Amino acid sequence: MDLHSGRFYWQTTYPNSTRYQELDEDIKCDVLIIGAGSSGAQCAYLLSEQDLDVVVVDKRRIGAGSTCVNTALLQYLGDKMLFELVNTFGEEAAIQHTKLCEEAIKDIEKTSLKMDIDPEFFWRDSLYYASDKEGVENLRKEYAFLQKHQFKVDLLSENQISERYPFKKQSALYLYNDGEINPYKYNHGLLQLAHKNGVRIFENTKISEKSFTNENTTFFTENGHRIKSRYVIIAAGYEGLEFKQEKNSVVTSSYAVITNQVESFNDWHKRTLIWETARPYIYMRTTKDNRIIIGGLDDNTSFPEERDSKIIHKKDKLIEEFNKLFPRIEVYPEYYLGAFYGGTHDGLPMIGEYEEFPNCYFLFAYGDNGLVYSSVLAKIIKEVITKEVSPTRGLYHQERLSV
């Protein structure tokens, strides 16, 4: 899959990243993880703490898939609003999902502190503003559920917003304890921790065929080597759909700009994450080296040629939208890109288990909050493999067994 195009930023922050060899022999293991991006790396790290022989393979360099274009806002609310999830899944399930995402951000911060490299994790609050009158009402609904279940959030008035920011919006949620991270460094840091714990990692190792028996699964590499494993986690991001088409998934396109380094954020209250109720929406965050990431303007383009033809226009439009909010911050695009973006029709990520793939778990961390979703789903899959049970497995199963 032609995942992305453009001028990329994250790799420049860690140019001498660790390299791993290509698989050049037949091997056996307890767990094979296909994909070494965010989802695969989090699975590898969690399983490395268990008494298991774990192998990770990726057809590219580590972090060269969707991870290198992940804008990495860490939020517990998602593209589909909480009150909408309540309408679809019921209040108990929707709140359970939101609390799991909140806990995942804490887990990401704890893991970051164990790394030899700095993955640039920062706690950030979020401003979620109403784009129109409908957005004002939606934020009221959202606030009611968040307050009822004791999430730390304020509902700001127009005056309160203007006191903190150089723009006017009728209403906004101010959410505490979200975060941001460098996804490329975090990806490498996770795999370094896993590797220290004995996980074998192979780059440039493409899977081409598979076979199943009652006891083992065998995957074959493009170069003819066999990997025999008891369990398999397919954590291949959007390319997981090349193994198994999933009816609940949808792949579209998204765009982002990374600006020059900015001298001052005096106009930007606490360097909060910022996003809006409009769909498609604009979002933004800052980086450790004082750049601004502006993303969004998603569209239904699913052909790479069409996506790429829009990058320049989208780049200019994203800068224009930023200037409407922060006219005194001078920015220009140093990096910009277009990339495929995966979501689900019902708004939750998925763990896929299919009869034709025995002992295989598909990790579909699809949605705007992919890194957080990866953390949630990786923990569940670890529980299923090591304990054969997880209390939240049904919530994310592709058949949504608990709802």
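Look up a bit, the structure's there.
In this report, we go over the structure that sits alongside the text.

About the cut-offs
Residues numbered from 1 in each chain as written. Predicted model: local features only at pLDDT ≥ 70, side-chain atom pairs only at ≥ 80, totals over all residues. Heavy atoms only, no water. Helix = DSSP H or I, 4+ residues; strand = E, 2+ residues; numbered from the N terminus. Rg over C-alpha atoms; globule rule 2.2 N^0.38 Å. Buried < 20%, exposed > 50% of the residue type's maximum accessible area, 1.4 Å probe, protein only. Lys, Arg positive; Asp, Glu negative; His and termini not counted. Charge placed at Lys NZ, Arg CZ, Asp CG, Glu CD. Core = buried A, V, L, I, M, F, W, Y, C linked by side-chain atoms within 4.5 Å. Contact = heavy atoms within 4.5 Å. Pairing = 2+ DSSP bridges. Salt bridge = Lys/Arg side-chain N within 4 Å of Asp/Glu carboxyl O. Expected span 1.5 Å × (residues − 1). Polar contact = N/O pair within 3.5 Å; in protein donor to acceptor, adjacent residues only side chain to side chain. Right-handed = clockwise from strand over helix to strand, strands pointing away. Disulfide = S-S within 2.5 Å. Axes fitted to C-alpha atoms, helices over the stretch in contact; angles between N-to-C directions. Parallel < 35°, antiparallel > 145°, perpendicular 65-115°, else oblique. Left-handed = near helix turned anticlockwise from the far one by under 90°. Nonpolar A, V, L, I, M, F, W, Y, C, P; charged D, E, K, R; others polar.

### A few points about the overall build of the protein
Now for step 1: Within the protein one finds 10 helices and 18 strands.
Now for step 2: Relative to its length of 403 residues, the protein is compact, with a C-alpha radius of gyration of 21 Å against a globular reference of 22 Å.
Now for step 3: The buried share among the 403 residues of the protein stands at 60%.
Now for step 4: Treating the 48 positive side-chain charges of the protein as one cloud and the 60 negative ones as another, the clouds have centres 2 Å apart.

### Examining the nonpolar core
Now for step 1: Ranked by size, the top nonpolar core spans 76 residues in total, and within it I33, L146 and I233 carry the most contacts.
Now for step 2: The element contributing the most residues to this core is helix α9 (residues 370-387), with 10 residues.
Now for step 3: Beyond its immediate sequence surroundings of up to four residues, I33 is in contact with G40, C43, A44, L47, V54, V55, V56, V57, I233 and A235.
Now for step 4: Membership of the second largest hydrophobic core comes to 28 residues, among which are L127, F167, W268 and I282.

### Side note on the pairing of strand β5 (residues 122-129)
Now for step 1: Extensive coverage of β5 is indicated by the burial of 6 of its 8 residues.
Now for step 2: Sheet analysis places β5 next to strand β7 (residues 171-180), joined by 7 bridges and oriented antiparallel. Among the inter-strand pairings, R124 is bridged to a residue of β7, identified as D178.
Now for step 3: The pairing of β5 with strand β13 (residues 273-276) spans 4 bridges and is classified as parallel. Counted as the bridge partner of L127 is I274 from β13.

### Remarks on the pattern of salt bridges
Now for step 1: Scanning the entire structure with this criterion turns up 29 salt bridges.
Now for step 2: Residue E320 is joined to K317 by a salt bridge in which the shortest nitrogen-to-oxygen separation is 3.5 Å. Of this pair, E320 and K317 both sit in helix α8 (residues 311-325), separated by 3 residues, roughly a single helical turn.
Now for step 3: The class for E320 is partly exposed, based on a relative accessible area of 39%.
Now for step 4: Residue K317 is classed as partly exposed on the basis of its relative accessible area, which comes to 27%.
Now for step 5: When salt bridges that share partners are traced, they join D299, E306, K310 and K314 into one network.

### Comments concerning helix α6 (residues 183-196)
Now for step 1: Over its 14 residues, α6 extends 20 Å from the first C-alpha to the last, a length consistent with the 20 Å expected when each residue adds 1.5 Å.
Now for step 2: Taken as a whole, α6 has its buried residues at P183, Y184, K185, Y186, N187, H188, G189, L190, L191, Q192, L193 and A194.
Now for step 3: Buried residues belonging to α6 abut α1 (38-48), α3 (91-112), β8 (200-202) and α9.
Now for step 4: Looking at where α6 begins, the residue whose side-chain oxygen comes 3.1 Å from the main-chain nitrogen of Y184 is N182.
Now for step 5: Backbone geometry just downstream of α6 places G198 in the positive-phi region, at approximately 105°.

### Some remarks on the pairing of strand β3 (residues 54-57)
Now for step 1: Where burial is concerned, the two faces of β3 agree: the one with V54 and V56 and the one with V55 and V57 are both buried.
Now for step 2: Bridge analysis of strand β2 (residues 27-34) against β3 gives 4 bridges, and the strand direction is parallel. Looking at the pairing, V31 lines up with V54 of β3.
Now for step 3: Read as a crossover between parallel neighbours, the route from β2 over α1 to β3 is right-handed.
Now for step 4: As judged from the 3 bridges shared by β3 and β8, these two strands associate in the parallel manner. What sits directly across from V55, in β8, is R200.

### Topic: the side chain of D58
Now for step 1: Along the chain, the position of D58 falls in the loop between β3 and β4 (73-74).
Now for step 2: Buried charge without a salt bridge: D58, with R60 as the nearest opposite-charge side chain at an N-O distance of 5.0 Å.
Now for step 3: Among the polar contacts listed, one links the side chain of D58 to the backbone nitrogen of R60, at a separation of 2.8 Å.
Now for step 4: Setting aside its immediate chain neighbours within four residues, D58 contacts G35, A36, G37, F202, E203, N204 and T205.

### Topic: unusual backbone geometry
Now for step 1: Omega for the peptide link from R279 to P280 comes to -5°, which places this bond in the cis form.
Now for step 2: Of note, P280 is situated in the loop between β13 and β14 (282-286).

### Description of the state of the cysteines
Now for step 1: If you walk through the whole model with that rule in mind, you get 0 disulfides.
Now for step 2: In this structure C29 is a free cysteine whose sulfur lies 11 Å from that of C360, the closest cysteine sulfur available.
Now for step 3: The buried category is assigned to C29, whose relative accessible area is 8%.

### Points about the packing of α1 against α9
The relative placement of two packed helices comes down to the angle between their axes together with the axis-to-axis distance.
Now for step 1: At a closest axis distance of 9 Å, the pairing of α1 and α9 adopts a crossing angle of 40°. Comparing their axes, α9 and α1 come out oblique. The handedness of the crossing between α1 and α9 is right-handed. The residues of α9 that touch α1, namely those facing S38, S39, Q42, C43, L46 and L47, are L371, S374, S375, A378, K379, K382 and T386.
Now for step 2: Of the residues belonging to the contact of α1 with α9, the class tally is 5 nonpolar, 6 polar and 2 charged.

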